[in-house]
Amino acid sequence: MEQDGRQPLSGRVVLVTGASRGIGAAAAKRLAHCGASVVVNYLQNRERALEVLNEVEKEGAKGMVFQADVTDQAQVDDMRRAVEKTLGQVDVLINNAFFPFEIAPLHQISWHGFEEATRKELGALYNGVHAFVPGMIEKKKGKIVVLSSRLAQQPLPRLGAYAAAKAALEVAATTLAIELGPLGITVNVVTPAFTLTDASTVMSEEFKERVRKNRPIQKHLYPEDVAGTIAFLAGDETNMITGSNILVTGGSHLQL
Ligand SMILES: NC(=O)c1ccc[n+]([C@@H]2O[C@H](COP(=O)([O-])OP(=O)(O)OC[C@H]3O[C@@H](n4cnc5c(N)ncnc54)[C@H](OP(=O)(O)O)[C@@H]3O)[C@@H](O)[C@H]2O)c1
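Residues numbered from 1 in each chain as written. Predicted model: local features only at pLDDT ≥ 70, side-chain atom pairs only at ≥ 80, totals over all residues. Heavy atoms only, no water.

Caption draft 1: Inspection of helix α2 (residues 46-58) at higher detail. If you check α2, its first and last C-alpha atoms are 18 Å apart, about what 13 residues at 1.5 Å a residue would give, namely 18 Å. Within α2, burial applies to Ala49, Val52, Leu53 and Val56. Angular distribution of buried residues about the axis of α2 spans 105 degrees; they occupy a single face of the element. Exposed and facing more than 90 degrees away from the buried side of α2 are Glu47 and Lys58. Those residues of α2 that are buried lie in contact with α1 (22-33), β2 (37-42) and β3 (63-67). Immediately downstream of α2, the backbone of Gly60 shows phi near 85 degrees, a positive value. (Helix = DSSP H or I, 4+ residues; strand = E, 2+ residues; numbered from the N terminus. Expected span 1.5 Å × (residues − 1). Buried < 20%, exposed > 50% of the residue type's maximum accessible area, 1.4 Å probe, protein only. Arc of directions from axis to C-beta. Contact = heavy atoms within 4.5 Å.)

Have a look at this one:
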């Protein structure tokens, strides 16, 4: 990823929420490869977060781990203070953490399960934006990348709480792009289709194989396949891209 001997993200501090596993972990490694200093946020898995930090440091990049529940504003504010002390102000926020949700038809789902999915998805974005955008406004520069899901546009039965929450997240991200553009901040969405991570273990082997076979590029999607797009949106090559939604689907969005 070196361009003219220069790493495209050198000097940037990038915070990845939910970076101990899955897409966040792959993004953290990829961002470090591009020269960024990386904050590996996690909720419970300190060991896994430390393994990711080890990979970040192997790339010659700086990094830190920080345990914070991103749905809790006070914890996100604590994380901001710790990051500023250790690495400096956050230049790029990758809003990635995955929140397990109640799986049920919407006419049978509990109100708690339905409401919690949206509260967590929107709460995490709200908390990240409120903690890190003021620093970006000071610098007149910043980037926010929001992870959605293909289910927001093409829902499946029993996954409606998550799909509705991600659809709301996408509209919030688009609104932020309009509001923050004049302040020098871009906001974009990355929409993966079904990707093999811990979050996808709820689906059957038969489902996974059917998804693989039906997409034009007949391969499984892995976290590393999504990480490159996240790193691309974090860099200067995308300074004029805002309010966009990049689908990483292997073409499955073209199929009925
Ligand atoms: N996998 C897919 O098929 C798929 C498809 C489309 C979109 N996505 C989206 O891609 C993103 C990443 O998903 P993934 O599949 O990579 O997830 P994953 O492998 O299950 O990893 C979840 C990550 O989120 C962290 N996390 C959970 N709750 C948190 C909280 N309250 N505060 C901070 N961190 C928290 C976990 O930390 P611990 O390890 O400490 O628990 C872990 O690092 C999500 O936004 C998801 O909706 C995934």
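Caption draft 2: Just the site of the ligand, in detail. Around the ligand sit 30 residues, and of these Ser20, Arg21, Gln44, Tyr162 and Thr197 come closest. The contact in question runs from an oxygen atom of the ligand to an N or O atom on the backbone of Asn45, over 2.8 Å. Note that an oxygen atom of the ligand is positioned 2.5 Å from one of the side-chain N or O atoms of Tyr162. The fraction of the free accessible surface of the ligand (910 Å²) that becomes covered by protein chains is 95%. Elements represented by at least two residues in the shell around the ligand include exactly α1, β2 and α5 (160-180). Residue composition of the shell around the ligand, grouped by class: 15 nonpolar, eleven polar and four charged. (Near = heavy atom within 4 Å. Polar contact = N/O pair within 3.5 Å; in protein donor to acceptor, adjacent residues only side chain to side chain. Areas by Shrake-Rupley, 256 points an atom, 1.4 Å probe, with all protein chains shown as cover. Nonpolar A, V, L, I, M, F, W, Y, C, P; charged D, E, K, R; others polar.)

Caption draft 3: Spotlight on helix α7 (residues 223-234). The end-to-end C-alpha separation of α7 is 17 Å, in line with the 16 Å expected for twelve residues at 1.5 Å each. Of all twelve residues in α7, nine are buried, a share of seventy percent or more. Buried within α7 we find Pro223, Val226, Ala227, Gly228, Thr229, Ile230, Ala231, Leu233 and Ala234.

Caption draft 4: Broad picture of the packing of aromatic side chains. Counted according to the given criterion, the structure contains five aromatic pairs. With a centroid separation of 6.0 Å and an interplanar angle of 65 degrees, the aromatic rings of Trp111 and Phe114 are classed as edge-to-face. Remark: Phe114 and Trp111 occur in helix α4 (residues 111-139); sequence separation between them is three residues, near one turn of the helix. Of the residues examined, Trp111 reaches a relative accessible area of 62% and is grouped as exposed. Accessibility expressed as a relative area gives 27% for Phe114, which makes it partly exposed. (Phe/Tyr/Trp six-rings, centres within 6.5 Å; stacked < 30°, edge-to-face > 60°.)

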